[in-house]
Amino acid sequence: MFALDEELARWQAELSEAHGSSRLPLLMTLAWHLRQRDPLRAQTLSAEIAPLLAMLLPAEAAEAAWQRARLLLIGAEAEWLNGRLDSAQYQAEQALQQLEQASSLPARANRARADACWVLAWVANDRGDSGAGDRWLEQAALAARAAGDPVRIDVIDAASGICDTFSDWKVAQERWSGRFGTDLADVAPVAAGWISDFFGTCAFQRSDYGRAIGHLMLSYETALATGQIRRAIIVATNIGNGFTSLNAHEAALDWMQRGLDLARPTGWPLSIGMCLMQTAETLRQLGQREAAQTLLREALNTLAPLSGSRAYAVALEYQGDLALDLGNHAAALDSFTRLASRGDALGQTDFQSSARRGQAHALSHLARTEEALAAAQGALALAREHADASSQIAALNVLADIHARHRLPAPADMQAANPVLHYLQLALEIAATIEGYTVPGALLDATAREYAAIGDHARAYAISLQASAARDQTHSQQATNRAIAMQVQYQTERAQTEGEHHRQLAAAEAQRAEVLQQTSATLAHLSAIGQEITAHLDAAAVFRALDRHVHGLLDATHFSVFLLEPGEEWLACAFGVEAGNPVPPVRMPLSDPNANSARCVRERREILIELGEADVTPNLIPGTLPTLSLMFAPLRVGERVLGAMTVQSLLASAYGERERLIFRTLCAYGAIALDNASAYRQVAATLKTLSATQEQLLEKNLELEQAYKALEEVSLTDQLTGLRNRRFFLQNVDADVALSLRGYDAGQHRELTECDLIAPNDLVFFMVDLDHFKEVNDRYGHAAGDSILVQMQERLREVFRESDYVIRWGGEEFLVLARATHRDEAHAVAERMRRAVADREFVLPDGVLLARTCSIGFACFPFLPQQPRLLSWSQVVELADQGLYVAKRSGRNAWAALYSTAATQPDGVFPRLMQHLDQAVEDGEVRLVSNLTGPLVLGGERRRVGLSSDLET
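Note that the structure is predicted; figures quoted are calculated from it, not measured.

Overview of the packing of aromatic side chains
Stage number 1. Within this structure, the stated rule accounts for 16 aromatic pairs.
Stage number 2. Between phenylalanine 728 and tyrosine 805 the ring centres are 5.6 Å apart and the planes differ by 80°, which places this aromatic pair in the edge-to-face class. Here tyrosine 805 lies in strand 10 (residues 805–810) and phenylalanine 728 lies in helix 28 (residues 726–746), a separation of 77 residues in the sequence. Accessibility assignment for this pair places phenylalanine 728 and tyrosine 805 in one class, buried.
Stage number 3. Every member of this aromatic cluster is reached through a ring pair, and the members are Phe729, Phe765, Trp809 and Trp873.
Stage number 4. The cationic tip of arginine 70 hangs over the ring face of tryptophan 32; the distance from NZ or CZ to the ring centre is 4.1 Å.
Stage number 5. Arginine 795 extends its terminal NZ or CZ atom over the ring of phenylalanine 842, reaching a point 3.9 Å from the ring centre.

Structure below.
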């Protein structure tokens, strides 16, 4: 029904990561809970929901009906808040009709039915039809109980109690106080806010303003935290009204302003009108009548579309009181007459009684004596009917004032000396029955004057003494009220401060838990990387492995390793790469005060340097780029320091805590691997000294080994393009596949989801083939064909990263293994590759420009999200080749790929895909993704397909 701000933030974060139909429930939840927080955003999200509903299957008809009902309720609430009550009622009733089609979802349908009745209740109340409002609240309570929703039950019951309180607070308190306990610690925040509102309203009606403000402040905080903006505005004005009753006018105006600051941006007429009229009443009591009159006029104009509401009736009462203060009795009579009509329609006795008293007062001053007397007697009869002692005293005061102004027949039951004294004595008798009531000094003064007028001076003197004592007691009570107001405000501000502190602690703890979870996952992945790095006994291999993983895990424009030379007085750059190019050789004394690498080794600690855009990079190595983020870490093994590693970025503030943890861990693994490599070299050197023969043999072996390595290097490289060849790929692919699968092995204690298959675990295999390449050789010669292949490798390197394997697979066909690439990003990479070939012409040796295109097929490894071992990498390569086949046979200059559509599939899925692709796609066993829009050739059969905007087809 309502949600806390923390829950809203979590849903916002989840929505940013959701795709396709999985966005629907999150969009609906956010739109619903933003309906008052941010109505425009709620409307935008609702517009996004509509097309997703059209995608639901016929079997999901009940779900669709429920979702449509929710959308109607979001619209209905917006119309209600903006004062368009007919439209609000229509949409809420339409929502109830939609819910008839969602009977197979009883709990959810009943919750939505309760919400629809809730909106209809407030629409009825704003119309002034309180009876209909009460009936809709009863229907809402029945639906909430049918749904078994305790929070909705408490909220709706508390709202019913508040409405009953305005009709007869004593009856309401007897009916509802037993329903709610005063200890709200275990009650849901939303329900606790409404229950506090009920207790506060009851306390307000019995004039216990200090207690009322305490309850209402809790209700206000809860309303704000749960997105109930209209309720927060109403409660803020009620709190201000309470402070006004305690004569704490400064605090009252502060709370009125809070409500107005919330209301004005919304444009909601009832909310703005309430704030304006309550502020006007406070200003009237402060004697600022002109300002009060201006605000009241604006309030009544704003509330004009809602003339049937309770708020409009309150504004009429305030307008009448202000007119009496200004001596404009005709205007006062008009206001109180309209108020009487509204009070009768609403069935709320407080308006009925105050309207008749105001009418009597105005009529008396207008010399319409008989009408004034009838109105005052009507007010007295109404107050007696409802046993409202305060209203009886007020009505008797008005009757005494009328008889003092005009000569009228004495009342039939008069026993006093005159009618004025008769009514004043009755008022005093009733006042004596009210426990804790302080008789107003003005009432006692009027009585003393009447006794003096008839010559009973002793009685007049005694009552004058009582009046003086009453004024002293009133002043004491006013001081007490002000103290209560100050105490309530202090306690509330302290509670707000403590609550904010606890919220901040909870947020910090949640953030810490999230960081720990991310750190644990990162460390598990780094452990697998460490096993790979430390397996090497050759320093160059260690450098290459470190370089590959640093670039894969961090933003690294520059990466270099500095090692101490023998004697440990000089530091030399043993390996360095910047923007894909080798770093110029550099050597520095360890004592160099300006070299960060030397300082890192000397001080044996990490160094992080962060610069602004306008800063100059300190101690820049000649020939290197001016980076803005620089991180240095020592290569330590135990107490020994081997050197330092540095990674640098052109971005500002590129390295946070997570990046520092990754780099620190890579440094530790690198130090161990380099120390092992050094030890290995030392052992080899020791063996050389055993004998001259052994030394010569070792030299020969070394020569042979070097020759072998050179030959090996030649055998792993395509001589034409300089790319790695198929042999290199077959030697290295198993290590990358093993690394990818380790992440799944580490997570076998829990169920994996597709969200787990993100970088760096995913591998994407791309098969890229030049279209109509044979025509080039046939028409322009093999030299032209070779030139195009060389230019093709350049374009491949432009699209793919240094850490990816780019292989010349054979002829004009290339294979690319993209590492640490999210499977949802693969189609974008394929499109960039296609455009890199199609959008730029190739230059032949004779200067002729030749346009060519390419076709691309790709597939992701692991192929199945939760069963990564069902298909081998070689089978996934064949699936990529199958995608290439589809692209080629369906028009070329395109890309295509196959994705799994299920968590598990039978073991025979691979042969079925290879032999009957068209049937597999049709049966939904796999999903074909392509940028082709024409006929597709699937296993020999041409099919016309359309491409959806989110690549679901």
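Past the structure itself, the notes keep going.
Some thoughts on the packing of helix 15 (residues 289–303) against helix 16 (residues 310–326)
Stage number 1. Taken N-terminus to C-terminus, the directions of helix 15 and helix 16 make an angle of 150°; their axes are 10 Å apart at the nearest point. In terms of orientation, helix 15 lies roughly antiparallel with respect to helix 16. Classified by chirality, the crossing of helix 16 by helix 15 is left-handed. Contacts between helix 15 and helix 16 involve Arg289, Ala292, Gln293, Leu296, Leu300 and Leu303 from the first element and Ala311, Tyr312, Ala315, Leu316, Tyr318, Gln319, Leu322, Asp325 and Leu326 from the second.
Stage number 2. Classifying every residue of the contact of helix 15 with helix 16 by side-chain character gives 11 nonpolar, two polar and two charged.

Some words on the pattern of salt bridges
Stage number 1. Counted according to the given criterion, the structure contains 46 salt bridges.
Stage number 2. A salt bridge links glutamate 77 to arginine 35; the shortest N-O distance between them is 3.0 Å. Note that glutamate 77 is positioned in helix 4 (residues 61–81) and arginine 35 in the loop between helix 2 (23–33) and helix 3 (39–53), a separation of 42 residues in sequence. As far as the burial class goes, glutamate 77 and arginine 35 line up, both buried.
Stage number 3. Measuring nitrogen to oxygen at the nearest pair gives 2.8 Å for the salt bridge that ties aspartate 197 to arginine 231.

Some points on the environment of leucine 324
Stage number 1. Looking at the element boundaries, leucine 324 is found in helix 16.
Stage number 2. Leucine 324 sits in the buried class, given a relative accessible area of 19%.
Stage number 3. Once the C-alpha coordinates of leucine 324 and histidine 365 are considered, the two residues, 41 residues apart in sequence, prove to be 9.6 Å apart.
Stage number 4. Each residue touching leucine 324, except ones within four places of it in the same chain, is listed here: His329, Ala332, Phe336, His361 and Ala362.

Regarding the pairing of strand 1 (residues 558–564)
Stage number 1. Buried residues dominate strand 1, accounting for six of its seven residues.
Stage number 2. Pairing between strand 1 and strand 7 (residues 640–649): six bridges, direction antiparallel. Across the sheet, the residue bridging to leucine 563 is glycine 643, located in strand 7.
Stage number 3. Between strand 1 and strand 2 (residues 570–578), which pair antiparallel one after the other, the connecting turn spans five residues, and glycine 567 there sits at a positive phi close to 95°.

Remarks on the sheet that holds strand 10
Stage number 1. With mixed pairing, the seven strands of this open sheet are ordered in space as 8-10-11-9-14-15-16. Of all the strands in the sheet, the pair left with one neighbour each is strand 8 (724–725) and strand 16 (926–930).
Stage number 2. Examined bridge by bridge, strand 15 (residues 895–900) and strand 16 share five bridges and lie antiparallel to one another. Opposite alanine 896, over in strand 16, you have serine 930 as the bridge partner.

Here's the deal with unusual backbone geometry
Stage number 1. With a phi close to 65°, alanine 367 is a non-glycine residue in the positive phi region.
Stage number 2. Note that alanine 367 resides in the loop between helix 18 (349–365) and helix 19 (369–385).
Stage number 3. Accessibility expressed as a relative area gives 55% for alanine 367, which makes it exposed.
Stage number 4. The phi torsion at histidine 772 lies on the positive side, around 55°, for a residue other than glycine.
Stage number 5. Relative to the helices and strands, histidine 772 resides in the loop between strand 9 (763–770) and helix 29 (773–780).
Stage number 6. Judged by its relative accessible area of 39%, histidine 772 is partly exposed.

Rules used throughout
Residues numbered from 1 in each chain as written. Predicted model: local features only at pLDDT ≥ 70, side-chain atom pairs only at ≥ 80, totals over all residues. Heavy atoms only, no water. Phe/Tyr/Trp six-rings, centres within 6.5 Å; stacked < 30°, edge-to-face > 60°. Helix = DSSP H or I, 4+ residues; strand = E, 2+ residues; numbered from the N terminus. Buried < 20%, exposed > 50% of the residue type's maximum accessible area, 1.4 Å probe, protein only. Lys NZ or Arg CZ within 6 Å of the ring centre and 35° of its normal. Axes fitted to C-alpha atoms, helices over the stretch in contact; angles between N-to-C directions. Parallel < 35°, antiparallel > 145°, perpendicular 65-115°, else oblique. Left-handed = near helix turned anticlockwise from the far one by under 90°. Contact = heavy atoms within 4.5 Å. Nonpolar A, V, L, I, M, F, W, Y, C, P; charged D, E, K, R; others polar. Salt bridge = Lys/Arg side-chain N within 4 Å of Asp/Glu carboxyl O. Pairing = 2+ DSSP bridges.

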